[in-house]
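What follows is the residue order along each chain.
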Amino acid sequence: MPRVVHSVCPHDCPDACSVLVTVEDGRAVKIAGNPEHPITRGFLCAKVARYLDRVYSPDRVLYPMRRVAPKGTGGFAAFQRISWGEALDELAVHLKQAEEEFGPESILPFSYGGTLGQIHGYGMDHRFFHCLGASQLDRTICGEAGTEAMVSVNGARLGVDPEDYPFSRYILVWGANIHGTNIHLWPFIEKARRNGARLVVIDPFRTRTAALADWHLAVRPGTDVALALGMMHCILRDGREDCEFLASHATGLDELRQKAAEYTPGRAAAITGLRAADVEQLAREYATAHPSVIRLNYGVQRTENGGMSVRAICMLPVLTGAWKERGGGMTLSTSGAFPLNKMLLRRPDLMYSALGRPARALNMNQLGRVLTDPALEPPVKALVVYHSNPAAVCPNHNLVVEGLQRPDLFTAVHEQFLTDTTDYADLVLPAATFLETKELVTSYGHMYLQLADQAIAPLGEAVSNAEFFRRLASRMGLAEECLHDSDDALIDAALDSDHPHLAGITRQRLEQEHSLPMAVPRTEDGAFLPFFQGFATPDGKALLASRELAEAGLDPVAEFVAPVESRHSEELRQFPLEFVPRKLDHFLNTTFTNLPGHQKMNRRFELQLHPTDAAARGIAEGDRLRVFNSRGAIELKAHLDEATPEGVVFGSLDWARLSPGGKNVNALTSDRLTDMGRGATFYSTLVEVERF
Ligand SMILES: Nc1nc2c(c(=O)[nH]1)N[C@H]1C(S)=C(S)[C@@H](COP(=O)(O)OP(=O)(O)OC[C@H]3O[C@@H](n4cnc5c(=O)[nH]c(N)nc54)[C@H](O)[C@@H]3O)O[C@H]1N2
Ligand SMILES: Nc1nc2c(c(=O)[nH]1)N[C@H]1C(S)=C(S)[C@@H](COP(=O)(O)OP(=O)(O)OC[C@H]3O[C@@H](n4cnc5c(=O)[nH]c(N)nc54)[C@H](O)[C@@H]3O)O[C@H]1N2
Ligand code: SF4
Ligand SMILES: [Mo]
């Protein structure tokens, strides 16, 4: 008899879908979006709709393996199958050896977004490494610049509930690829449009969403701060600000006024590549439509200016008082609605028992430097990678590879497939997929906490992340009791909180109901107005000017600062094109890149450029191109498109081992960090292009 199991997609995606898995004789035979879930609404993205191709792929890593060929070679032939016992012994020996010779901080965990599950993604592993006293990983590759910037204005990671979008009359999608990365918001946007809302997209790339919008503004990458300040210039000049809301809900208006005065529409236009009339029109439309909502995602903040850009954008709904209305305000992340007990779940206090202090934190965006810096004390000697693919996703790829090649570095990778990173692994351990585990899942795009039931037994000898670290802790003889907690005990720890948002939410209830809305305060008609009662700052007011930023040497309001390389005329002459190495709509970062069905859905290995830039270089459609800068060179095929802004070119993220020439777009990106949040600056990259 087939049975239907309630699961949840834990991949790095704001939608956190409720997934129904049909299981027959222990095998998953069907996967579908839950029609009863208010956000999932019965459909999955094209990637996960084909998830069974992934679970049952003949390429799955199903057994522990030890390297038998030189580092840098991949494929199953480079490895020999061993038992879990042998694998754990080998790993334990290397961790102990590193600890004894160089201290526990010579061990570095490396994990990120393979799963956002609370138990397997960020639970038991943290306990394990804290207990050892291993280095911490500063996990800033994705959204830290934007998060810090948003919090610097609003005080919290809260935003408009997607279910309130239909109330909006003006939707400004700003550096967010809705159809690619947040598809479950689209039905709510469509509903708003049926109710008369206007949809405007600000994105240098003509995404599918931009093509469907009422208006698309192809801003130059990294210049959004100037656009937002230009809009605020017009709004303040025309007296369209909400004086009453500002008086009661914000500080720093005078400083903002002075700063915005500098950003005339003409100046904003010159920086952003838009027309002054566009800046004027956008400001007028935005400030006069009510309610208005801004859907920011993380595209804006992957630039050197990323923090300042998000900060300036966050000021817009404060200036117009948009937060007062249902369907008004902005959304970058809703993750602040889930106040789980992370202290109890992750046990950072264990670091103090191990070291008497917090362990050092190494920035994941600078993995190459971390692994190759001769001055780093202690050096990293053992690297444990799980649910991440650093050899593909980290900036400055060539330096990362140089580090991973080090013969004295021991690298273990817990994975579902042989990836770019396993090409450098000494040991590969088989990882379970989400169908094979029980998990607690939050969201950064909606307000439901969900529990995923295990649908099928792990394939082969695969184990979940939590189970991997439980086994390793036992093998290393770590007596700390909490390292042996069951998945249920971990879930209970996460839910063990008096926070009002978690009122009435227990594991038992989640086991029965699968998905529960967070108990955030709502108005009588059910609206969630995150900041109407006051912002989440110490004095309840939005900070339009920040003393903390001034102390850190940044502009206290916001300011456009040109990216480092474009300030050097020699660099600019050699590498005059701005390169945006984006994510693809039918992969998830580099997850799914190896599956033939998914590959067919994407346009891959292309450099999209404007016909004028192509003509200047004698490039025609389909030409083989060499794209290069001082960090590296890659090979792509020319795709000419009129919708590309002149001077800007686009590439996309893929596995390096599958890319022509064996290098992916991150061979070109730099490991410079964002102005706020120590984030990655993928979208501030300069290149030149020539025909092969
Ligand atoms: N299909 C799919 N879904 C995904 C992912 C995926 O790889 N594929 N990744 C997941 C992850 S990890 C994340 S963090 C989210 C991210 O979700 P998004 O933030 O939506 O994704 P990005 O592609 O980084 O950026 C969004 C858009 O910003 C544009 N952009 C780039 N630079 C700038 C700029 O300077 N200014 C402006 N205004 N726009 C700019 C890009 O062209 C892109 O279309 O998506 C998640 N969902
Ligand atoms: N050029 C460029 N680079 C980028 C980006 C970009 O837009 N452009 N985006 C950046 C962003 S926003 C992010 S978040 C990062 C993402 O970087 P990563 O978090 O490294 O994401 P993925 O490349 O998807 O790799 C995740 C890996 O985890 C594995 N995995 C999945 N589930 C599990 C599990 O449960 N257990 C274990 N052990 N393994 C699992 C998958 O097979 C996959 O190989 O990439 C960043 N890199
Ligand atoms: S990747 Fe996103 S849209 Fe696709 S199933 Fe998972 S949560 Fe839903
Ligand atoms: Mo991300």
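A. Highlighting the overall build of the protein chain. Along the protein chain, the regular secondary structure elements total 26 helices and 27 strands. Relative to the compact-globule value of 26 Å for 692 residues, the protein chain shows a C-alpha radius of gyration of 25 Å, a close match. With the principal axes as the frame, the protein chain shows a C-alpha extent of 70 × 65 × 55 Å. Out of the 692 residues in the protein chain, the part that is buried amounts to 64%. A fraction of 75% describes how many contacts in the protein chain between residues 6 or more apart in sequence connect residues 24 or more apart. Roughly 24300 Å² of accessible area belongs to the protein chain as shown, and the carbon and sulfur atoms make up 50% of that amount.

B. Here's a closer look at the packing of helix α5 (residues 144–154) against helix α14 (residues 306–319). Running from amino to carboxyl end, α5 crosses α14 at an angle of 35 degrees, the nearest separation of the two axes being 8 Å. Read as a crossing pair, α5 and α14 show a hand that is right-handed. Note on element contacts: α14 touches α5 through G307, V310, R311, C314, M315 and V318, opposite A145, G146, A149, M150, S152, V153 and N154.

C. Structural view of the packing of aromatic side chains. With the rule as written, the count across this model stands at 17 aromatic pairs. Residues Y51 and F592 carry aromatic rings whose centres are separated by 5.9 Å and whose planes lie at 75 degrees to one another, so their mutual orientation is edge-to-face. Within this pair, whereas Y51 is found in helix α2 (residues 51–55), its partner F592 is found in the loop between β22 (577–582) and α25 (596–601), the two being separated by 541 residues in sequence. Under the relative-accessibility criterion, F592 is labelled buried at 0%. Their ring planes at 75 degrees and their centres at 4.8 Å tell us that F205 and F650 sit as a pair that is edge-to-face. Placement of the pair is F205 in the loop between β9 (198–202) and α8 (208–212) and F650 in strand β26 (residues 648–652), with a sequence separation of 445 residues. Classification of F650 as buried rests on a relative accessible area of 2%. Seen from the ring of Y56, R27 lies directly overhead, with NZ or CZ sitting 3.9 Å from the centre. Between the NZ or CZ atom of R54 and the centre of the ring of F592, over which it lies, the distance is 5.2 Å.

D. Inspection of the sheet that holds strand β13 (residues 329–331) at higher detail. Taking strand neighbours across the sheet as the criterion, the 5 strands line up as β10-β9-β8-β12-β13 in an open arrangement whose pairing is parallel. Unpaired on one side and paired on the other, β10 (215–217) and β13 mark the two borders of the sheet. Sheet twist, expressed as the mean angle between neighbouring strand axes with direction ignored, is 15 degrees. Both strand β8 (residues 170–174) and β9 contribute to a ladder of 5 bridges, which runs parallel. In the strand pairing of β9, V173 is matched with V201.

E. Spatial organisation of the site of ligand 2. Among the 32 residues in the neighbourhood of ligand 2, the closest are listed as G113, S388, E415, T590 and T591. With respect to ligand 2, the side chain of N465 contributes an N or O atom lying 2.7 Å from a nitrogen atom. The side chain of N666 places a nitrogen or oxygen atom 2.9 Å from a nitrogen atom of ligand 2. Its free accessible area being 920 Å², ligand 2 has 97% of it covered by the protein chains. Here the shell around ligand 2 is composed, by residue class, of 13 nonpolar, 14 polar and 5 charged.

F. Highlighting empty space enclosed by the protein. One pass over the full model with this rule turns up 6 cavities of 30 Å³ or more. Of the voids in this model, the second largest cavity is the one considered here, and its volume is about 120 Å³. Lining the second largest cavity are 16 residues, with C13, D15, C17, C45 and K47 sitting closest to its centre. Among the elements of the structure, α1 (46–49) and α6 (178–181) are those that each provide at least two residues to the lining of the second largest cavity. Looking at side-chain class alone, the lining of the second largest cavity contains 9 nonpolar, 5 polar and 2 charged residues.

G. Spotlight on the site of ligand 3. Close contacts around ligand 3 come from C9, C13, D15, A16, C17, L44, C45, K47, V48, H184 and L588, and that covers them all. Taking a 2 Å distance to the grid points as the criterion, the majority of the atoms of ligand 3 fall inside the second largest cavity. Looking at side-chain class alone, the shell around ligand 3 contains 8 nonpolar, 1 polar and 2 charged residues.

H. Main features of the side chain of S135. You can see S135 is positioned in the loop between α4 (124–132) and β7 (136–138). We classify S135 as buried; its relative accessible area is 1%. Here E105 takes part through its backbone oxygen, which lies 2.6 Å from a polar atom of the side chain of S135. Here R360 takes part through its side chain, which lies 2.8 Å from a polar atom of the side chain of S135. Once residues lying within four places of it in the same chain are set aside, the contact partners of S135 are P104, E105, I107, L108, P109, A359, R360 and L362.

Thresholds, definitions, all that
- Position numbers for residues start from 1 in each chain and track the written sequence from start to end.
- Each chain takes a letter, starting from A, and each ligand takes a number, starting from 1, following the order in which they are written.
- The model is predicted, so local features are restricted to residues of pLDDT at least 70 and side-chain atom pairs to those at 80 or more, both for listing and for counting; the totals for chains, interfaces and linings are taken over all residues.
- Values shown for side chains rest on all heavy atoms present in the structure; no hydrogens or waters enter the calculation.
- Helix numbering and strand numbering both begin at the N terminus, where a helix is a DSSP run of H or I of at least 4 residues and a strand a DSSP run of E of at least 2.
- Note on method: radius of gyration uses C-alpha positions; expected globular size equals 2.2 Å times residues raised to 0.38.
- For each residue, the accessible area found with a 1.4 Å probe, counting protein chains only, is set against the maximum for its type, and the residue is called buried under 20%, exposed over 50%, and partly exposed in between.
- In this analysis, two residues are considered to be in contact whenever any of their non-hydrogen atoms come within 4.5 Å of each other.
- Every accessible area reported is derived by Shrake-Rupley at a probe size of 1.4 Å, with residue values counting cover from the shown protein chains alone.
- Fitted lines through C-alpha atoms serve as axes, helices being fitted only where they are in contact, and the angles separating the N-to-C directions of these axes extend from 0 to 180 degrees.
- We call a crossing left-handed when the near helix sits turned anticlockwise from the far one by less than a right angle, and right-handed when that turn is clockwise.
- In summary, the pairing rule links any two rings of Phe, Tyr or Trp, Trp by its six-membered ring, whose centres are within 6.5 Å, and it sorts them by plane angle into stacked for under 30 degrees, edge-to-face for over 60 and tilted for everything else.
- A ring is considered to have a charge above it if a Lys NZ or an Arg CZ atom is located within 6 Å of its centre and within 35 degrees of its normal.
- Should DSSP find at least two bridges between two strands, the strands are regarded as paired.
- Neighbouring residues are identified by heavy atoms, a residue being near a molecule or strand if any of them is within 4 Å of it.
- Whenever two N or O atoms come within 3.5 Å, that pair is a polar contact, provided that in protein one can donate a hydrogen and the other can accept it, and provided that, for residues adjacent in sequence, both atoms are side-chain atoms.
- Basically, the charged four are Asp, Glu, Lys and Arg, the nonpolar ten are Ala, Val, Leu, Ile, Met, Phe, Trp, Tyr, Cys and Pro, and anything else, Gly included, counts as polar.
- Only protein atoms enter the 1 Å grid used here, on which a cavity is any set of points holding a 1.4 Å probe that cannot leave and a pocket is any open set flanked by protein within 12 Å on both sides along at least five of seven lines; residues with an atom within 4 Å of a point are listed as lining.
- Grid points are joined across faces, edges and corners, and a volume is the space filled by probe spheres set on the points.
- For this analysis, a molecule is said to be in a pocket or cavity if more than half of its atoms are within 2 Å of the grid points defining it.

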